[in-house]
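Residue strings, one per chain:
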Amino acid sequence: MRRRVTKMIMGVDVCMTSEKYFYFNHPEVQKALHANRTNLPYEWSMCSDVLNYSQSDGDIDMLPSLKNIINMMYLFGYSGMSQGQLRVGFYGNTCPNVETIVSSVVRQVAASDQNIAPVLLRLHFHDCFVQGCDGSILIENGDNAERHAFGHQGVGDLKDAVVLANGPSYEVETGRRDGVISNSSLADIMPEVTDSIQILKAKFSQKGLSEKDLVVLSAAHTIGTTACFFMTQRLYNFFPGGGSDPSINPSFLPELMATCPENGNVNVRLPIDRGSSGTFDNSILQNIRSGFAVLQSDASLYEDLDTRSIVDSYFGIFSPFMGISFEADFANAMVKMGRIDVLTGFHGTIRRVCSRF
Ligand code: HEM
């Protein structure tokens, strides 16, 4: 024993067969290797009656197996952990004032321009649908940047945009990391104003959003404006031979045509929620019901039986007593949308300059 301990101190060659038994059974070695944590009543030895292996197995390269194990750990452990990291109060310890700071900046900017709130809200939607909510819409990396995709403009904090428009306040989950991809071609999957209700449903479903989310989130159009550009087809070329969308209320059609004349300036803007575009409320849904939807995609929500009944559900006489609340549903859907393909934990990056990778 003394001879062996002396060898240990002098630096023993553990590959020598006779030394292995001493070495791997030594309590300190076992402790260092995190082995025999359960204090097995027998010693370590080269042979086992339980495991079926041979002496030559000792020559097998363990690296590929270790690599597999690490990959599996990443898949099951880290990705699960990273999902779990998106939560309310993520910066509670590291930057407790972050929400107050962001909120006050958004409020300041919005006070100087009433269009900011709707623009921010729309951009959150676009950011989330293209490659997840990762701020990639902010990247300025040339002509192919995501921000140059049709209709994109710039992004910011969203809850405040909704609150500023008198919308519902809700708790925002934080902990998203920044994406490392920004390409306008990826925005091809965005829902379009001329998409059929089936396509709109499918595009939302691909992002894990339900028909109810489609209805409630489309009601974000309760604030903001659209360019006449998006109205031309609906007003003048709805059918191959011309004509307007028959779902437009006949008393509303002349009004729309006067604001957006055929061959007129497509950049002229009009409120999407007629009569109430400055306030966040469910009047957009009422407008959709009565043929006063401005955007074709909004009107199509009333074509389909399922989405129609969701729209109607907010106007039933018993709805308030049944706890049906547009504001609460909108807040829930926003939280859900804010979770689309988020990068957390070890994924993505943290940009020092928002517009650069
Ligand atoms: C269902 C699919 C949707 C389609 C096809 C659609 C389409 C459009 C279009 C064409 C405009 C006018 C853009 C412009 O002229 O600048 C617009 C504006 C807007 N959209 Fe949507 N949208 C959809 C869903 C959403 C969602 C889910 C949100 C947010 C949760 C949203 C928020 C907004 C806002 C706030 C505006 C007004 C922007 C402004 O005033 O500058 N939209 N949308």
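Conventions adopted
Residues numbered from 1 in each chain as written. Predicted model: local features only at pLDDT ≥ 70, side-chain atom pairs only at ≥ 80, totals over all residues. Helix = DSSP H or I, 4+ residues; strand = E, 2+ residues; numbered from the N terminus. Buried ≥ 20, exposed ≤ 12 C-beta atoms within 10 Å, placed from the backbone. Contact = placed C-beta atoms within 7 Å. Expected span 1.5 Å × (residues − 1). Near = placed C-beta within 6 Å. Nonpolar A, V, L, I, M, F, W, Y, C, P; charged D, E, K, R; others polar. Core = buried A, V, L, I, M, F, W, Y, C linked by C-beta atoms within 7 Å. UniProt positions renumbered as here; feature names shortened; annotations may be inferred. Axes fitted to C-alpha atoms, helices over the stretch in contact; angles between N-to-C directions. Parallel < 35°, antiparallel > 145°, perpendicular 65-115°, else oblique. Arc of directions from axis to C-beta.

**Notes on the overall build of the protein chain**
1) Next: For the protein chain, the count of helices and strands is 15 helices and four strands.
2) Next: Every one of the 357 residues in the protein chain was classed for burial, and the buried ones make up 28%.
3) Next: Taking the intrachain contacts of the protein chain between residues at least 6 apart in sequence as the baseline, contacts between residues at least 24 apart amount to 73%.

**Thoughts on helix α6 (residues 116-129)**
1) Next: Taking 1.5 Å of rise per residue, 14 residues should cover 20 Å, and α6 covers 20 Å from first to last C-alpha, within 8% of that figure.
2) Next: Glutamine 131 lies just past α6 and shows a positive phi near 65°.

**Notes on the site of the ligand**
1) Next: The full set close to the ligand counts 23 residues, and Pro118, Leu217, Ala220, Gly224 and Thr226 are the nearest of them.
2) Next: If you list the elements that add at least two residues to the shell around the ligand, you get α6, α9 (211-218) and β3 (225-227).
3) Next: When residues of the shell around the ligand are assigned to their parent elements, the largest contribution, five residues, is made by α6.
4) Next: In terms of residue class, the shell around the ligand is made up of 13 nonpolar, eight polar and two charged.

**Remarks on the nonpolar core**
1) Next: Within the largest apolar cluster, 50 residues are counted, with the highest numbers of intra-cluster contacts made by Val215, Ala219, Ile288 and Val311.
2) Next: With eight residues, the single largest contributor to this core is α6.
3) Next: Beyond its immediate stretch of four places on either side in the chain, valine 311 contacts Val215, Leu285, Ile288, Arg289, Leu301 and Tyr302.

**Some details on the UniProt feature "binding site: substrate" (unreviewed entry) in the protein chain**
1) Next: Here the UniProt feature "binding site: substrate" (unreviewed entry) sits at Pro191.
2) Next: Tracing the sequence through the fold places proline 191 in the loop between β2 (173-174) and α8 (197-206).
3) Next: Those residues in contact with proline 191, other than ones at most four positions away along the chain, are Leu200, Lys203 and Ser297.

**Topic: the packing of α8 against α9**
Geometrically, a packed helix pair is captured by the angle between its two axes and the distance between the axes.
1) Next: Running from N to C, α8 and α9 point in directions that differ by 105°, and their axes come no closer than 9 Å. In this view, α8 runs roughly perpendicular relative to α9, as classed from their interaxial angle. Where α8 abuts α9, its residues Leu200, Lys201 and Phe204 lie against Glu211, Asp213 and Leu214.
2) Next: Considering only residue class, the contact of α8 with α9 consists of three nonpolar, no polar and three charged.

**Observations concerning unusual backbone geometry**
1) Next: One non-glycine residue, asparagine 36, lies in the positive phi region at around 45°.
2) Next: Residue placement: asparagine 36 occurs in the loop between α3 (27-32) and α4 (63-84).
3) Next: The exposure class of asparagine 36 is partly exposed, given the 16 C-beta atoms found within 10 Å.
4) Next: Positive phi values are uncommon outside glycine, yet asparagine 39 reaches one of about 50°.
5) Next: Structurally, asparagine 39 can be placed in the loop between α3 and α4.
6) Next: Of the residues examined, asparagine 39 has 7 C-beta atoms within 10 Å and is grouped as exposed.

**Section: the packing of α9 against helix α15 (residues 326-337)**
1) Next: Between α9 and α15, the least distance of the axes is 9 Å, while the angle of their chain directions is 110°. The orientation of α9 relative to α15 falls into the category roughly perpendicular. For the pair formed by α9 and α15, the contact residues are Lys212, Asp213, Val216 and Leu217 on the first element and Asp329, Phe330, Ala333, Lys336 and Met337 on the second.
2) Next: Partitioned by chemical class, the residues of the contact of α9 with α15 number five nonpolar, no polar and four charged.

**Remarks on helix α14 (residues 305-313)**
1) Next: What α14 keeps buried is the set Thr307, Ile310 and Val311. Axial view of α14: buried residues confined to an arc of 100°, hence all on one face. Opposite the buried face of α14, by more than 90 degrees, sit the exposed residues Leu305 and Ser309.

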